[in-house]
Amino acid sequence: MYLALDVQYKDDTATVAGITFDNPASPKEFEIFISKVDNVAPYESGHFYKRELPCLLTLIQDHDLSPSLIIIDGFVHFGHIEKMGLGMHLYNGLERKIPIIGVAKNPFKNTPKEAEIFRPSSKTPLYITSVGYPIDDAKQFVLSMHGKYRIPTMLKLVDSAARGLIHESR
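Report on the accompanying structure. (Residues numbered from 1 in each chain as written. Predicted model: local features only at pLDDT ≥ 70, side-chain atom pairs only at ≥ 80, totals over all residues. Heavy atoms only, no water.)

What follows is about the nonpolar core. Grouped together as the largest cluster of nonpolar side chains are 26 residues, with contacts concentrated most on Leu5, Ile60, Ile70, Leu90 and Ile100. Those elements that provide at least two residues to this core are strand S1 (2-10), strand S2 (13-21), strand S3 (31-37), helix H1 (49-62), strand S4 (69-73) and helix H2 (86-93). (Core = buried A, V, L, I, M, F, W, Y, C linked by side-chain atoms within 4.5 Å. Buried < 20%, exposed > 50% of the residue type's maximum accessible area, 1.4 Å probe, protein only. Helix = DSSP H or I, 4+ residues; strand = E, 2+ residues; numbered from the N terminus.)

Written out as structure tokens, the structure is:
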């Protein structure tokens, strides 16, 4: 089972969404999970993970999820120097047991050209990073995800769920 994660914030509260799916090419989620997190840390430039990581871990723990792979909206690491991004912090927070693929919509300073992929019907790249999962396989995974546009269907769905537009499975 694969798990896509996203978080939306309103003041000091976060809505965390997770969507599970069994096949990257599938247009439908298997299950949707939602957690609310209060008293979220304020945004700190250069340390976004301090705000988002506790939210992601809360959802995983609240719903006792154990996916074989997690896909996040963001970077696993930044640039050629591989400075730790949210995905690496999540990987460490999960005791390095679950591989993470990061799918970022915008480049970070020094993002290598090799991180770019172009999905069907898109002239704008996504930036793929990974840990615990070979980068070429991570790129292929994201390229194989359902959706004919830049953002894969499951990532659109998890974003909508975090925004409250799709509700938790029962």
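There's plenty left to go through after this.
With that settled, the discussion passes to the pairing of S2. Where a strand is regular, its side chains alternate between the two sheet faces. Most of S2 sits out of view: eight of its nine residues are buried. The pairing of S1 with S2 spans nine bridges and is antiparallel. Residue pairing in the sheet places Lys10 in a bridge with Thr13 of S2. The turn joining S1 and S2, which pair antiparallel and follow one another in sequence, is formed by two residues; a positive phi near 55 degrees is taken by Asp11. Note that S2 and S3 share seven bridges and pair antiparallel. The residue bridging Ala14 from the neighbouring strand is Val37, located in S3. (Pairing = 2+ DSSP bridges.)

For the rest of this paragraph, the subject is the sheet that holds S1. The seven strands are arranged S3-S2-S1-S4-S7-S9-S8 in an open sheet whose pairing can be described as mixed. Since the sheet does not close on itself, it has two edges, and those belong to S3 and strand S8 (116-117), each with one partner. When S8 meets strand S9 (residues 126-131), the two strands line up antiparallel, connected through two bridges. Considered in S9, the bridge of Glu116 is made with Tyr127.

Another point: unusual backbone geometry. The phi angle at Asp11 is positive, at roughly 55 degrees, despite the residue not being glycine. Looking at where Asp11 falls in the secondary structure, it is placed in the loop between S1 and S2. The backbone phi angle of Asp64 is positive, close to 50 degrees, even though this residue is not glycine. Within the secondary structure layout, Asp64 lies in the loop between H1 and S4.

This next bit is on the environment of His89. Structurally, His89 is set in helix H2. Once the C-alpha coordinates of His89 and Tyr9 are considered, the two residues, 80 residues apart in sequence, prove to be 19 Å apart. Apart from the residues lying within four places of it in its own chain, the contact partners of His89 are Tyr49, Leu53 and Met84. (Contact = heavy atoms within 4.5 Å.)

Below, the discussion takes up the packing of aromatic side chains. This structure, assessed with the given rule, holds five aromatic pairs. On the numbers, 4.9 Å between centres and 80 degrees between planes, the contact of Tyr2 with Phe141 is edge-to-face. Of this pair, Tyr2 sits in strand S1 while Phe141 is found in helix H3 (residues 135-144), placing the two residues 139 residues apart along the sequence. For the pair Tyr2 and Phe141, one class covers both residues: buried. These aromatic residues form a ring-pair network of at least three members: Tyr2, Phe21 and Phe141. In this arrangement the basic side chain of Arg51 is found over the ring face of Tyr9, its NZ or CZ atom lying 3.9 Å from the centre. (Phe/Tyr/Trp six-rings, centres within 6.5 Å; stacked < 30°, edge-to-face > 60°. Lys NZ or Arg CZ within 6 Å of the ring centre and 35° of its normal.)

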